[in-house]
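The residues making up each chain are set out below.
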Amino acid sequence: MSVNEVRGVDLITQVFSPKVAVLSTSEAEQLAQKNNLSLVQLLRPFAQMRTDAVLRDPYNNTVHEVRNLKLRFECMDNPEAMSDAVAVNQLLNAVVYETLTKQTNASKVTSKYGNYHLHMHSSAPWFEAFRTHFTRTLPISEHEFSRHFVACLIVVSSSEPDVKLQFKMLEKKFLENVSELGPKKWFMSEILCCRVLIHDVAEGDEKAASELMQELKNEIGRGPHLSYLLSINSRRGFEVQELTKSNKKYGPKMVDPWKRFLYESVGSSSTMRKHHKGSRRSSNQQDNLEAKLANGNSDGNETGSIEHPLQRTRLNGSLDPDSSPDDFSALEEPSYHGLYLTSADQEMIRSFVDDFIRRALLPHYEKKIRELYDQLVAKKAITKSFFSATKKWLAAGKSAAYPLHFGSAESANFYPPEASEVQLRKLGDLAFLFQMYDIAYNIYYQCKGDFSGDGAHLFHAGSLEMTVFCQFLLGKSPTTSYIDTAISTYLYQCRNYNYALRCSLLCSDILLCKSVYSEALNNFLKLTTEDSDLKSALLLEQIAFCYINARGFAKPRKFAFYMILAGYRYNKADQKHHLLRTYDLAHQVFQNSSWTYAEDNILVTIAKNAHIVGKLEASTQAYLSLLNTKTRHSSTQQVNFFQDFINCFKDYIDSSRLKSKGDTKPTSLPEVCLPLINSQAVVVTYGALQRDNNIDAPNIKSSHWVELEKAATMFVTGAKQIPITWKPSIQMLSQTTDNKVKPRTARNEPVTLKLQFENPMKFHLYLENIHLLWRLKASDKDCWVENEWDVLEGSKYIKTEVIRELSFDNLEIKSVSLSLVPCVEGDVHIVGVAYNVCSGSLETSFNRKIVRVKQNLEVVGPKLNNSLSDRLANATGPDFRLQFSAVSQQPLLEIQFSPLPTELLSGEIQTARVTFHNRGQLPITSILVSSKDVKYFAFGAADPNTFGNIANGHSFTPSSVREVFALDLPNGALLPGQGATMSFWVRGMDIPGLYSISILFLYKNANSDQSMPHRIVKKSFEIEIRNSLALNCIKNRNFDQSVQMIFSMSNTLESQMRPTLGLTSLVCVSKNWRLKSSAATRSSETGILSVESSKHCSDYVIDCVMNNCKICEQEQMHFAVTLERITEPGDYVTSMISSDTSGDVKCHPFSEFLARNTTMFVEKKQAHPQTFDSKQYSMSFESAQSSYVEPAVDLTIVFVWNLSFFSADRNVVAFGQHHFSVDEIDYESSVSPIPEVALIQNSNLPYLVRYEIKYDSTCTHKIQNSFVRVPVKIRFHNCSEKPIEVKLFLPESPTAQSVFTLERLGVRESFSFWWVCKSIWVLSLPALASLEVDLQACFFKPGTYNLNNVTVLASFNPSIYKFVEQDCRFAAFITIN
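Residues numbered from 1 in each chain as written. Predicted model: local features only at pLDDT ≥ 70, side-chain atom pairs only at ≥ 80, totals over all residues. Heavy atoms only, no water.

Colleague: What should I look at first to understand the overall build of the chain in this one?
Modeller: The helix and strand inventory of the chain stands at 30 helices and 52 strands. Out of the 1377 residues belonging to the chain, those deemed buried represent 51%. Counting only carbon and sulfur atoms, one obtains 49% of the accessible surface of the chain, whose full area is about 63,600 Å². (Helix = DSSP H or I, 4+ residues; strand = E, 2+ residues; numbered from the N terminus. Buried < 20%, exposed > 50% of the residue type's maximum accessible area, 1.4 Å probe, protein only. Areas by Shrake-Rupley, 256 points an atom, 1.4 Å probe, with all protein chains shown as cover.)

Colleague: In this structure, what is going on with the side chain of Glu709? I would like to understand it.
Modeller: Within the secondary structure layout, Glu709 lies in helix H26 (residues 702-717). Buried charge without a partner: Glu709 forms no salt bridge, and the closest opposite charge is Lys1018, 6.3 Å away. Polar side-chain contacts of Glu709 include one of 2.9 Å to the side chain of His1014. For Glu709, the residues in contact, after removing those within four places along its chain, are Trp726, Pro728, Ser729, Leu1000, His1014 and Ile1016. (Lys, Arg positive; Asp, Glu negative; His and termini not counted. Salt bridge = Lys/Arg side-chain N within 4 Å of Asp/Glu carboxyl O. Polar contact = N/O pair within 3.5 Å; in protein donor to acceptor, adjacent residues only side chain to side chain. Contact = heavy atoms within 4.5 Å.)

Colleague: How should I be thinking about the pairing of strand E15 (residues 765-778) in this particular structure?
Modeller: A regular strand carries its side chains on alternate faces of the sheet. The element E15 is largely enclosed, with a buried count of 10 among its 14 residues. Where E15 lies against strand E18 (residues 803-808), 5 bridges are found, and the strand directions are antiparallel. Residue pairing across strands places Leu765 opposite Phe808, the latter belonging to E18. Relative to strand E20 (residues 826-838), E15 is paired through 11 bridges, and the arrangement is antiparallel. (Pairing = 2+ DSSP bridges.)

Colleague: Please clarify how the packing of aromatic side chains should be interpreted in this entry.
Modeller: The relative placement of two aromatic rings is captured by the distance of their centres and the angle of their planes. Counted by the stated rule, this structure contains 42 aromatic pairs. Measuring from ring centre to ring centre gives 5.3 Å for Phe642 and Phe763, while their planes differ by 55 degrees; the resulting arrangement is tilted. Separated by 121 residues along the polypeptide, Phe642 in helix H25 (residues 635-659) and Phe763 in the loop between strand E14 (751-758) and E15 bring together distant segments of the chain. Grouping residues by exposure puts Phe642 and Phe763 together as buried. Feature note: the residues Phe897, Phe916, Phe937, Phe939, Phe965, Phe984, Phe1001 and Phe1021 constitute an aromatic cluster, connected by ring pairs. In this structure, Lys34 packs its charged tip against the face of Tyr340, placed 4.7 Å from the ring centre. Stacked on the ring of Tyr445, the Lys or Arg Lys448 has its end atom at 4.3 Å from the ring centre. (Phe/Tyr/Trp six-rings, centres within 6.5 Å; stacked < 30°, edge-to-face > 60°. Lys NZ or Arg CZ within 6 Å of the ring centre and 35° of its normal.)

Colleague: I would appreciate a short explanation of the sheet that holds strand E24 (residues 903-905) in the present structure.
Modeller: Backbone-to-backbone hydrogen bonds join strands into a sheet, with any given pair of strands oriented parallel or antiparallel. Pairing in this open sheet of 5 strands is mixed, and the strands run E24-E32-E31-E26-E29 from one edge to the other. Pairing within the sheet leaves two strands with one partner each, and these edge strands are E24 and strand E29 (964-966). Recorded for the sheet is a direction-independent mean angle of 30 degrees between the axes of neighbouring strands. Judged from the 3 bridges that link them, strand E26 (residues 926-930) and E29 form a sheet pairing that is antiparallel. By the bridge assignment, Val929 is partnered in E29 with Phe965. Relative to the sheet, H26 contacts E26, E29, strand E31 (993-1004) and strand E32 (1015-1026), its axis offset from that of E31 by approximately 40 degrees. (Axes fitted to C-alpha atoms, helices over the stretch in contact; angles between N-to-C directions.)

Colleague: How do you make sense of the sheet that holds strand E42 (residues 1249-1254) when you look at a structure like this?
Modeller: Taking strand neighbours across the sheet as the criterion, the 4 strands line up as E42-E44-E48-E46 in an open arrangement whose pairing is antiparallel. A strand with exactly one partner marks an edge of an open sheet, and here the two such strands are E42 and strand E46 (1313-1315). Averaged over all pairs of adjacent strands, the angle between strand axes in this sheet comes to 30 degrees, irrespective of strand direction. Relative to strand E44 (residues 1268-1278), E42 runs antiparallel, the two being bridged by 6 bridges. Along E44, the bridge assignment pairs Ile1253 with Ile1274.

Colleague: Quick question: what am I supposed to make of helix H16 (residues 457-473) here?
Modeller: Two residues of an α-helix separated by three or four positions point the same way, owing to the 3.6 residues in each turn. The terminal C-alpha atoms of H16 lie 25 Å apart, and with 17 residues this matches the ideal 24 Å at 1.5 Å per residue to within 8%. Counting buried positions along H16 yields 16 of 17 residues, so the element is predominantly enclosed. Residue Gly475 follows H16 closely and has a positive phi angle near 85 degrees. (Expected span 1.5 Å × (residues − 1).)

Colleague: I tried to follow the packing of helix H4 (residues 85-101) against helix H20 (residues 533-549) on my own but got confused; where do I start?
Modeller: For any two helices packed against each other, the geometry comes down to the angle between their axes and how far apart the axes lie. Interhelical geometry of H4 versus H20 gives an angle of 40 degrees and a closest axis separation of 10 Å. As the angle between them shows, H4 and H20 are arranged oblique. Taking contact as the criterion, the partners of Asn89, Leu92, Asn93 and Val96 in H4 are, on H20, Leu534, Lys535 and Leu538. For the contact of H4 with H20, the class distribution of residues is 4 nonpolar, 2 polar and 1 charged. (Parallel < 35°, antiparallel > 145°, perpendicular 65-115°, else oblique. Nonpolar A, V, L, I, M, F, W, Y, C, P; charged D, E, K, R; others polar.)

Colleague: Teacher, can you tell me more about the nonpolar core here?
Modeller: Side chains that are nonpolar tend, in soluble globular proteins, to be buried together. Formed by 232 residues in total, the largest nonpolar core has its most connected members in Phe73, Phe356, Phe432, Phe559, Phe645, Leu753 and Val833. If one sorts the elements of this core by residue count, helix H13 (residues 343-378) sits on top with 14 residues. Not counting residues up to four positions away in its chain, the partners in contact with Phe356 are Val20, Leu71, Ala151, Leu153, Leu192, Cys194, Tyr228 and Leu361. Core analysis: the second largest hydrophobic core is formed by 33 residues, Leu1248, Val1249, Trp1321 and Phe1339 among them. (Core = buried A, V, L, I, M, F, W, Y, C linked by side-chain atoms within 4.5 Å.)

Colleague: Help me understand the pattern of salt bridges in this model?
Modeller: Here the idea is simple: oppositely charged side chains can pair when their charged atoms come close. Scanning the entire structure with this criterion turns up 38 salt bridges. For Glu347, the salt bridge goes to Arg50, with nearest N and O atoms at 2.5 Å. In this pair, Glu347 sits in helix H13 while Arg50 sits in the loop between helix H3 (39-43) and strand E2 (53-56), placing the two residues 297 residues apart along the sequence. Judged by relative accessible area, which is 33%, Glu347 ranks as partly exposed. A relative accessible area of 41% places Arg50 in the partly exposed class.

Colleague: Could you clarify how one ought to interpret unusual backbone geometry in this entry?
Modeller: Backbone phi values are negative for most residues with the exception of glycine, while trans is the configuration of most peptide bonds. In this structure, the amide linkage connecting Leu674 to the following residue, Pro675, adopts the cis form with an omega of 0 degrees. Here Pro675 is to be found in the loop between H25 and strand E10 (676-677). Residue Leu811 is not a glycine yet carries a positive backbone phi of 55 degrees. Along the polypeptide, Leu811 turns up in the loop between E18 and strand E19 (813-822). Positive phi, close to 55 degrees, is recorded for Leu1328, a residue that is not glycine. Here Leu1328 shows up in the loop between strand E47 (1320-1325) and strand E48 (1330-1339).

Colleague: Teacher, can you tell me more about the packing of H16 against helix H18 (residues 497-513) here?
Modeller: Where H16 meets H18, the axes come as close as 11 Å, and the angle between the chain directions of the two elements is 25 degrees. Regarding the angle of H16 to H18, the classification is roughly parallel. For the element pair H16 and H18, the recorded crossing hand is left-handed. Two secondary-structure elements touch here, H16 through Glu465, Val468, Phe469 and Phe472 and H18 through Arg502, Cys503, Leu506, Cys507, Ile510 and Cys513. (Left-handed = near helix turned anticlockwise from the far one by under 90°.)

Colleague: Looking at this structure, how should I read the confidence of the model for the chain?
Modeller: Low pLDDT marks stretches whose predicted atomic positions should not be read closely. When pLDDT is averaged along the chain, the result is 77, and 76% of the positions lie at 70 or above. Under a pLDDT of 50 for its full length, residues 1142-1147 has, in the predicted model, 22 contacts with residues more than four places off or in other chains. Contacts for the low-pLDDT stretch residues 1167-1191, under 50 throughout, to residues beyond four places or in other chains number 19 contacts. (pLDDT = per-residue confidence, 0-100.)

Colleague: Any chance you could explain a nonpolar patch on the surface here in plain terms?
Modeller: Nonpolar side chains collect at one region of the surface, where Phe1267, Trp1314, Val1316 and Phe1340 lie side by side and expose about 360 Å² of accessible area between them. The topology assignment puts Phe1267 in the loop between strand E43 (1258-1259) and E44. Using a relative accessible area of 38% as the deciding quantity, one classes Phe1267 as partly exposed. (Patch = residues over 30% accessible without salt bridge, like charges linked within 9 Å, V, L, I, M, F, W, Y side chains within 5 Å.)

Colleague: Explanation requested: the environment of Leu491 in the structure shown.
Modeller: Locating Leu491 in the fold gives a position in helix H17 (residues 480-493). Setting aside residues no more than four positions away along its own chain, Leu491 makes contact with Asn496, Tyr497, Ala500, Lys526 and Leu527.

Colleague: Please clarify how the environment of Ala681 should be interpreted in this entry.
Modeller: Assignment of secondary structure puts Ala681 in the loop between E10 and strand E11 (683-686). Residues Ala681 and Thr736, spaced 55 residues apart in sequence, show a C-alpha to C-alpha distance of 9.2 Å. Once residues within four sequence positions are removed from consideration, Ala681 is found in contact with Gln735, Lys754 and Arg881.

Structure (structure tokens):
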């Protein structure tokens, strides 16, 4: 953006407009000053012709339209052109500075350039003001006449005693000025001079003024169009007082057409007053000052009276400590003008100017153009056919009066005033001023050739410049070579920088209108020199705008680079505010980029200079940006930045207090993002934090808790479906939860926010008095209450936790919990965090500085993706994490568990204590437990012996256990302050791994309101399950319809304590089956399992249970159990074998866990019913293949075991139980080590084959240049009752490694040996058969080797089932000496 408002045709006509001199008496000036205006300022808004006029050219009387001709009025005694370079530079500095101070943020717009969004001013008024004042203060040169006076208005007040005498005196002064400064100031010797009689309507006699005006018009020698009567000030004094009385501060609501023209007045009173604090000048004093500027400050002592805008009282480079940008707004300046002028008066002024142009100025110069043309024709400087575009080169027609040139080629005195070349240029300027652009173009085109041939460089450059202007005004494309030649000629041949700059400013604007950005920025770049910092800064800034506004190839980074260069030159020119503006624009490009050092340099410059000029807020933000970056600066640099930040911030607070007229505090705490707080990651917890609470653990989804609460709610209401209006209870809100519903919490209960603070600096950061900021709208009040300034005052509404001190190490991230307790009912909104930022700890009192700041907390909801409009607008949903409603008091249940085990063996049972305590003010009438893991825990009375026993023939109802159940409370309720203790039993899961048990407690009181009908407590804890017992089973049906189950029980514990595991009870729970008492036999072999069938097999089981037979680590025990069918099936009945003499299982909640597991098995079977298919069974006897219908099989075998080991001088005993559920019987079935039934549906089992390796463990041989060969045998055994195929793979590489190594024993194992035989063996093994394979291993050096590096695969039928790798992990070490 930043496109100039005045550009193109408007700019050229503004610079080259006819100038009219105004010569007035002091009385006439005073009439204008009643309206806070000078006489020249009074006329300027009405200096434009209202309708079009015509002029005829001098050759063939062709009509030329004159449209919107605008005059430029200037005081004859105080022209705008200034010859003193020092005064001009000071004035331009003041203009550029003041224009920026009048700009507001409302004039800024945000535009997108590629990936950048730049927030900048829509225009550059400081540049336009500089360009306007520069072109008007440019010293007048005799090589051009467009800036000379073309007419003069002599203004006399009608209140003068002798009006005619005053006119004569002023006319005499005018003629003397024309005769003395004719060529330097006036267009020609015969200048149009008009009389203006100004009349004050409110104080003067209008009739007398009219008669006097008529006498002036009737004077001999003056035409009627050379005298005018101007009546003004029709509004009387009392009317003005009534007009201003309504609003003294801002003035009356009236149109002020002079406001935009006042600043254009060079050396105006408003401009000068702002550079002389507290001073008020009269118009005469101001005129004297302007005259000194125009005359070049002839008095040397007055040079310092015009000051740089940033050097308020002196020019020695130091800043006035009492000055600040806010001082300008405090200066008294008329905010309104023309109070004594009515609309009729303004129309009178407009009519006067329009009449002057039409009836006096245009006819006069139409005549002068013809006369000047005739003179040139007479001198043969031009031909009669000139205006028909035929040129005549006058090389032979030159005047011989100046063959050696009148002056140097670089000066304006190259030609004498009467030379035909000068007169021709004067004719071209007249045609240009009065909009005869085609005539002017032809003249300038001829002049540039003449001047170039004569070597008149200054005249030649001026002709080229005006030729380009004529081309543009005629709608033609400007010739860029003319522009380049003109600028180069001005710079290098003429050494006239000011005219080169004017040419560059105007011609570059023409190129910008034509979108020729590259040529425009090159012209600007030519004029950037070291002589003038202000001018170079403005030109560099325009180059930057060329790069950013170029259509199709905007270059934001080049824009930023030239903005930095412009800011540097602004800084050298003491334009600090422009320095900050340009660096801010550059920072918008460099921020969040990889150019970190450039960004840091920009931030440091902004911070320091903003502090100097008093923009403390901008300086504070810049320092914060420096402190918020990571690892860019050393710790020493960051400490210095932090100290500067503290000092700047304290100054900012002090200035805010001064602006608030001495109040002890500003309207609100300043916001500072130090340390960094991640608002989006805030976690809000409602209710008291419990010590063992792990709400919404990372491995438990929030939807899981919602399902548990739904189940509990349906249990309470007895409904089969949850109501549509039901909403889950809210205990915790985070970034991952659904925060669309505004939460509720009970009064007098804490609300805790967990915030993440990050110290981005490399030094220690200290905070004090940290607390939450909130807004409360109580239910009994209509206004909002805040605690931003007074925490104690707000404590009667909400008690807020205050952390006294908090320290952060360098680059530390720390979680901080802050809480508040609402004491009244109402809506609460948490808005932020307030704290003190300190430059040291509490122990460091020396030179310790503290500032009180705040940091707002804002959360953004999830992005909406429901509709196209939401996606396009990047709309987000609501997030009520920081808002809640405080309702009436409710019961508050606190639940504490005694230390729960973190590790359990699979099936192990351990006990703990759980305590329920009512911390609320209302009684709790019921407590419900809801969990998906009910088969792994149980609640009981405080005395564990009160659990029910399991006995033979005990009737059992598994369907009585559900996922939701109620706890028995003492006396049916928990009163406020009352507690209750229960035992809590937990059983290890069957499969090893890491598990999480989640339990939801739902409680309510009898009088719960609808705002909070119930409340919940969430508990979750993690348990790591380790191996304990592994069971394998083969089930066979006997001829008497009994079932024989052959079990293999393995001790899979891995511990250095060498624990022993024993079987204490064996329980069968079924409707159709029970344990059968008969003979037994046993079979057990270490390493390879073999089973021998027998009709009597229960004695060994009884012996194992009764004598509590123990098996050590990695040992196995095999036994058979026979089940017989119950003749009259009914309810579930238990049959058992126990080491207890009474035959009962006591002291442990075995029945509870059995009921839960049996319930799960029954529900699973009902959900997935299975039908019996007799084709799956193949009986060996024909009698068994008769019309036999298989009865339903649903039984559970419970293994109750104990574990003992010696640790820390004491014997440790653990108990547990495993459940083995069966729903189908097959001839060949097996159970994996996981204690759940899994029928053999395919052959993908890793335990079909066992094998052992036979070899000599030690071999002694002299290995020098040979090797040793060792025979090895591998014996395979088929563990199944079906024939299988086995594949043996021997490694082909000598570096193959096995699973087991000697590293655990501290022995370095060798791997370099070869198998000298077939590498792949395919074997067939009959059912339960064994087979040996002879192999040979070859060793080349001594060492210890592991021979078990082979791979064994097995399959029942390779055409149907895939080969499965067998799991035989053992070590086979051999030592070669």
